[in-house]
Amino acid sequence: MKILVGIKRVVDFSVRVQVKKDGSGVNTDGVKLGINPFDEIALEEALRIRERGTQAEVVAVSIGPAEVQPQLRTALAMGADRAILVETGEVLQPLMVARVFHELVKRENADLVILGKQAIDDDSNQTGQMLAALWDRPQATFASKVELKDKTLMVTREVDAGLETIEIDLPAVITTDLRLNTPRFVKMPDIMKARSKPLQVLKLEELGVTAAPKLEVTSYAPPPQRVGGKKVEDVTALVATLRQRGIL
Ligand code: AMP
């Protein structure tokens, strides 16, 4: 069985992002970058499937500039067998990323693709769904539990009404939710071992995918400053204040 896992490099979740003064994007100079948290969960789940005894090869895939290689090395240190970097300096949008994964899935004859439910930089929550549509295979999004049974997967999904369990046939796409697992820490010896694991670099053009953005981002802006709260004496004062502000 072959499992492809998406590894996107994003601004670390602990960083307070700053929008550039001219509104052209987010400042990433000198900012800590790391693996998208949902992708660490995706990789952890792939490793657990392998560790539960399934003969599986786990391939970490990233699409981006050459600088994302450290994140792929971290994925290899976590336990991925090999990595593929699809190198491009283009601005990435979910449809293009899904097309790249679709090409790789065909080349690699993959049985399962595990992606994050969303990348915490663009919060699109689209790539997994688009890949499943292009590939014409089942999808189980927002997974909080995954059980592999021969050629089928039982996936518990986090939905608005609570939890939903579905059964899907492989090959398939899963996207991970936060409660699926807790990713392992990388140990020093694994970092050393990861240095000699294979990391293949492909150019975007080699896959026949063209970067034709469907969306144009016109500007970025920070969220509006929150106005401070105010304590009122009683309900009468509360109603009066709400009326005054035109809320009631
Ligand atoms: P999104 O649809 O952009 O919110 O991303 C959902 C998931 O798709 C991410 O959590 C990743 O697993 C995968 N993904 C998106 N962009 C990339 C990328 N450039 N390289 C690798 N995986 C990606």
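Check the entry above for the structure.
How each quantity is defined
Residues numbered from 1 in each chain as written. Predicted model: local features only at pLDDT ≥ 70, side-chain atom pairs only at ≥ 80, totals over all residues. Heavy atoms only, no water. Axes fitted to C-alpha atoms, helices over the stretch in contact; angles between N-to-C directions. Helix = DSSP H or I, 4+ residues; strand = E, 2+ residues; numbered from the N terminus. Parallel < 35°, antiparallel > 145°, perpendicular 65-115°, else oblique. Left-handed = near helix turned anticlockwise from the far one by under 90°. Contact = heavy atoms within 4.5 Å. Nonpolar A, V, L, I, M, F, W, Y, C, P; charged D, E, K, R; others polar. Near = heavy atom within 4 Å. Polar contact = N/O pair within 3.5 Å; in protein donor to acceptor, adjacent residues only side chain to side chain. Areas by Shrake-Rupley, 256 points an atom, 1.4 Å probe, with all protein chains shown as cover. Buried < 20%, exposed > 50% of the residue type's maximum accessible area, 1.4 Å probe, protein only. Arc of directions from axis to C-beta. Right-handed = clockwise from strand over helix to strand, strands pointing away. Pairing = 2+ DSSP bridges. Salt bridge = Lys/Arg side-chain N within 4 Å of Asp/Glu carboxyl O.

### As for the packing of helix 3 (residues 94–108) against helix 4 (residues 127–135)
Line of reasoning, step 1. Relative orientation of the contacting elements helix 3 and helix 4 amounts to 50°, with a least axis distance of 8 Å. Overall, the two elements helix 3 and helix 4 adopt an arrangement that is oblique. In the crossing of helix 3 with helix 4, the sense of the turn from one axis to the other is right-handed. Two secondary-structure elements touch here, helix 3 through P94, L95, V97, A98, R99, F101, H102 and V105 and helix 4 through T127, M130, L131, L134 and W135.
Line of reasoning, step 2. Of the residues belonging to the contact of helix 3 with helix 4, the class tally is 10 nonpolar, 2 polar and 1 charged.

### Looking at the environment of F185
Line of reasoning, step 1. You can see F185 is positioned in the loop between strand 10 (172–176) and helix 5 (188–194).
Line of reasoning, step 2. Residues F185 and M78 lie 107 residues apart in sequence; the distance between their C-alpha atoms is 7.3 Å.

### Considerations on the site of the ligand
Line of reasoning, step 1. Around the ligand, the structure places 20 residues, and the nearest of them are D39, I63, A119, N125 and T127.
Line of reasoning, step 2. At a separation of 3.3 Å, an oxygen atom of the ligand approaches a polar backbone atom of S124.
Line of reasoning, step 3. For the ligand, the protein covers 99% of the area, taking 490 Å² as the surface of the free molecule.
Line of reasoning, step 4. Secondary-structure elements contributing two or more residues to the shell around the ligand are strand 4 (57–64), helix 3 and strand 6 (112–116).
Line of reasoning, step 5. Among the elements that make up the shell around the ligand, the one with the highest residue count is strand 4 (3 residues).

### Points about unusual backbone geometry
Line of reasoning, step 1. Across the junction of L170 and P171, the peptide omega takes the value -5°, indicating a cis bond.
Line of reasoning, step 2. Residue position: P171 is located in the loop between strand 9 (162–169) and strand 10.
Line of reasoning, step 3. One non-glycine residue with positive phi stands out, namely F142, at about 55°.
Line of reasoning, step 4. The residue F142 is located in strand 7 (residues 139–149) in this model.

### Focus on helix 4
Line of reasoning, step 1. Residues of helix 4 that are buried: T127, G128, L131, A132 and W135. Taken end-on, helix 4 shows its buried residues confined to a sector of 135°, consistent with a single buried face.
Line of reasoning, step 2. Here the buried face of helix 4 lies against helix 3, strand 6, strand 7 and strand 10.
Line of reasoning, step 3. Immediately downstream of helix 4, the backbone of D136 shows phi near 60°, a positive value.

### Some words on the pairing of strand 5 (residues 82–87)
Line of reasoning, step 1. Along strand 5, 5 of the 6 residues are buried, which leaves the element largely enclosed by surrounding structure.
Line of reasoning, step 2. Of the crossover connections in this fold, the one passing from strand 4 over helix 2 (residues 69–78) to the parallel strand 5 is right-handed.
Line of reasoning, step 3. Judged from the 5 bridges that link them, strand 5 and strand 11 (residues 199–203) form a sheet pairing that is parallel. Among the inter-strand pairings, V86 is bridged to a residue of strand 11, identified as L202.

### Here we look at the pattern of salt bridges
Line of reasoning, step 1. Under the criterion given, the structure shown has 18 salt bridges.
Line of reasoning, step 2. A salt bridge links R82 to E108, with the nearest nitrogen and oxygen atoms 2.5 Å apart. Residue R82 is found in strand 5, and its partner E108 is found in helix 3; the two are separated by 26 residues along the sequence.
Line of reasoning, step 3. Of the residues examined, R82 reaches a relative accessible area of 16% and is grouped as buried.
Line of reasoning, step 4. Residue R157 is joined to E164 by a salt bridge in which the shortest nitrogen-to-oxygen separation is 2.7 Å.

### Focus on the pairing of strand 10
Line of reasoning, step 1. Of all 5 residues making up strand 10, 5 are buried, and the element is well covered by its neighbours.
Line of reasoning, step 2. Summarising the sheet, strand 6 and strand 10 pair through 5 bridges and their orientation is parallel. The residue bridging V113 from the neighbouring strand is V173, located in strand 10.
Line of reasoning, step 3. Of the pairings in the sheet, the one linking strand 7 to strand 10 comprises 3 bridges and is parallel in character. Bridging across to strand 10, A140 finds its partner in I174.

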